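# Report on the structure
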Amino acid sequence: MKTIIEPFRIKAVEPIRMTTPEEREARLREAGFNLFLLRARDVLIDLLTDSGTGAMSSEQWAGIMRGDESYAGADSFFRFESRLQEMTGFAHVLPTHQGRASERILFELLGGPDKVVPNNTHFDTTLANVEHSGARAVNLPIAEGRDPRNRHPFKGNMDVAALEHLIDEVGAERIPAVMITVTNNSGGGQPVSLENIRDVRAVCDRHGLPLFLDACRFAENAWFIKQREPGQQDRPVKDIVREMFGLADGATISAKKDGLVNIGGVLLMRDEDLFRRASSLLILTEGYVTYGGLAGRDLEAMAQGFEEVLREDYLQYRIRSTAYLGEKLLAMGVQIVEPPGGHAVYVDAAAFCPHIPPEQFPGQSVVCGLYREGGIRACEIGSVMFGRHSRPAMELVRLAIPRRVYTQSHIDYVIEVFDALRARRGDLRGLRIVDEPPALRHFTARFAEV
Ligand SMILES: *Cc1c(COP(=O)(O)O)cnc(C)c1O
């Protein structure tokens, strides 16, 4: 069979609502042209993020009923802990309410003024948490990763020579850890190869540095390794996942991605002393070590989600549906980051509307255009998100695909909306910021049209 179908059927449905163009115009203006400020009920197809927006399985909902809500030592925690230990090989597992809580704890322990943290590309919350600790965050993607048209199979890779150079320049004692983000979200959802993780591990070993994974999309990354990396084709995905984590000293995970849940996170590590200190911080702000700011039922849903995400029919469908959207956009002449990423398609907004300069936020303009045209909500990843201090390498619009939520006809509709917007792209107008907070401005900034 040629068609790769959704490997599930639908058990519960949730209506979505079409709005008129006049309604959308009014809502967009009320929201200050920032789609984070819209009410979700005014959105038809929500591609803002793949984070926490997935559909849970019937087995996960069954787990919700099984949740043990004891304050300490709940059965649900031990199911969660052993699932994560078995999957990753890490001895110590802390639940957190989401990925950024794991990051906040990790960088409160490892960061600080004078410290430098290299990453293939820091995600926005990771960047904010590194900087909040007083440390400097440095992005070291390979050159191919910065070129939207380059079809390198592992564009998420870290530039190993640049890492060595950075270590020589600032000194290993100022680098508390090296981090690799799999898949590289801010770099286009692109995967990192096993070979690259092994090479970075070797550099870390030479300098006595710990390696941490920002492993939100570890399963999607492992699927790409199986598809694209020589010699990996016959390996079960769970073996590849085990090897990825085996190369690291710890990991932060937002379970809202490959944990297939709506809320939850994990902080993993091997080091006993670091674990003790992380546990103290967890208790200070999140909750006791066996629940970490979550309910017992959330731990059950995660334990089951981390099992389902490694099923290869799921991963095949998941990665194929993203590629389907990317290929159709390319075929109509919309430039995207090639090849399509795992969880999202990233449209090159600078190429889509060359008449809008970066300081007028071409990505934000495309995002507003998609909402006006068809009620679609997407996310700018460019100068709004990262341009406060310097100009990012690319002006992108991310179409993130929630897991197990939309069907092929929803995606076909998105493609039609894009086609209509493309025909009138000359009418898109630039934006300027009229109000912004000191950090993570994309969430709350307000804009006006130029
Ligand atoms: C989502 C994400 C995070 C942060 O996780 P939250 O659950 O949103 O706090 C960190 N890193 C990457 C790569 C992510 O995609």
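Residues numbered from 1 in each chain as written. Predicted model: local features only at pLDDT ≥ 70, side-chain atom pairs only at ≥ 80, totals over all residues. Heavy atoms only, no water.

A count of helical and extended segments in the protein gives 16 helices and 14 strands. In terms of overall dimensions, the protein is globule-like: its C-alpha atoms have a radius of gyration of 21 Å, near the 22 Å expected for 450 residues. Reported as C-alpha extents along the three principal axes, the dimensions of the protein are approximately 60 × 55 × 45 Å. Residue burial in the protein is summarised as follows: out of 450 residues, 59% are buried. Nonlocal contacts in the protein, meaning residues at least 24 apart in sequence, comprise 73% of its contacts between residues at least 6 apart. Accessible area for the protein stands at about 18,100 Å²; split by element, carbon and sulfur atoms hold 51% of it. Taking the average location of the 54 positive side-chain charges in the protein and that of its 62 negative ones, the two points are 4 Å from each other. (Helix = DSSP H or I, 4+ residues; strand = E, 2+ residues; numbered from the N terminus. Rg over C-alpha atoms; globule rule 2.2 N^0.38 Å. Buried < 20%, exposed > 50% of the residue type's maximum accessible area, 1.4 Å probe, protein only. Contact = heavy atoms within 4.5 Å. Areas by Shrake-Rupley, 256 points an atom, 1.4 Å probe, with all protein chains shown as cover. Lys, Arg positive; Asp, Glu negative; His and termini not counted. Charge placed at Lys NZ, Arg CZ, Asp CG, Glu CD.)

Right, let's talk about empty space enclosed by the protein for a bit. The tally for this structure, following the rule as stated, stands at two cavities of 30 Å³ or more. There is about 70 Å³ of room inside the largest cavity. Counting residues per element, the ones that place at least two in the lining of the largest cavity are α14 (362-374) and β11 (379-381). The class makeup of the residues in the lining of the largest cavity is seven nonpolar, three polar and one charged. Each pocket or cavity is described by its volume, and for the second largest cavity that value is around 40 Å³. Lining the second largest cavity we find Asp 50, Gly 54, Ala 55, Lys 256, Lys 257, Leu 260, Val 261, Asn 262 and Arg 403. (1 Å grid on protein atoms, 1.4 Å probe; cavity = no way out; pocket = protein on both sides within 12 Å on 5 of 7 lines; lining within 4 Å. Points joined across faces, edges and corners; volume = space filled by probe spheres on them. Nonpolar A, V, L, I, M, F, W, Y, C, P; charged D, E, K, R; others polar.)

The subject of this paragraph is helix α8 (residues 218-228). Counted residue by residue, α8 has nine buried out of 11 residues, so it is predominantly covered. Restricting attention to buried positions, one finds in α8 the residues Phe 218, Ala 219, Glu 220, Asn 221, Ala 222, Trp 223, Phe 224, Ile 225 and Lys 226. Buried residues along α8 sit in contact with α3 (75-88), α7 (194-207), α9 (237-246), α11 (296-308) and α12 (312-331).

A few words on the side chain of Lys 256. Relative to the helices and strands, Lys 256 is located in the loop between β7 (250-254) and β8 (265-269). The buried charged residue Lys 256 lacks any salt bridge, with Asp 50 as its nearest oppositely charged partner at 9.8 Å. The residues touching Lys 256, leaving out its near neighbours within four places in the chain, are Asp 50, Ser 51, Gly 52, Gln 98, Val 261, Asn 262, Ile 263, Gly 264 and Arg 403. (Salt bridge = Lys/Arg side-chain N within 4 Å of Asp/Glu carboxyl O.)

Turning to the pattern of salt bridges, a few remarks are in order. A complete count under the given rule lists 34 salt bridges for this structure. Across the salt bridge formed by Asp 249 and Arg 201, the nearest N and O atoms sit 2.9 Å from each other. Of this pair, Asp 249 sits in the loop between α9 and β7 while Arg 201 sits in helix α7, and the two are 48 residues apart along the sequence. We classify Asp 249 as partly exposed; its relative accessible area is 24%. Notably, a salt bridge pairs Glu 449 with Arg 429, separated by 3.7 Å at the nearest N-O pair. Of this pair, Glu 449 sits in strand β14 (residues 446-449) while Arg 429 is found in the loop between α16 (408-423) and β13 (431-435), placing the two residues 20 residues apart along the sequence. Note on Arg 429: relative accessible area 43%, which makes it partly exposed. Here the residues in one salt-bridge network are Asp 50, Arg 217, Glu 220, Asp 258, Arg 318 and Arg 403, joined through shared partners.

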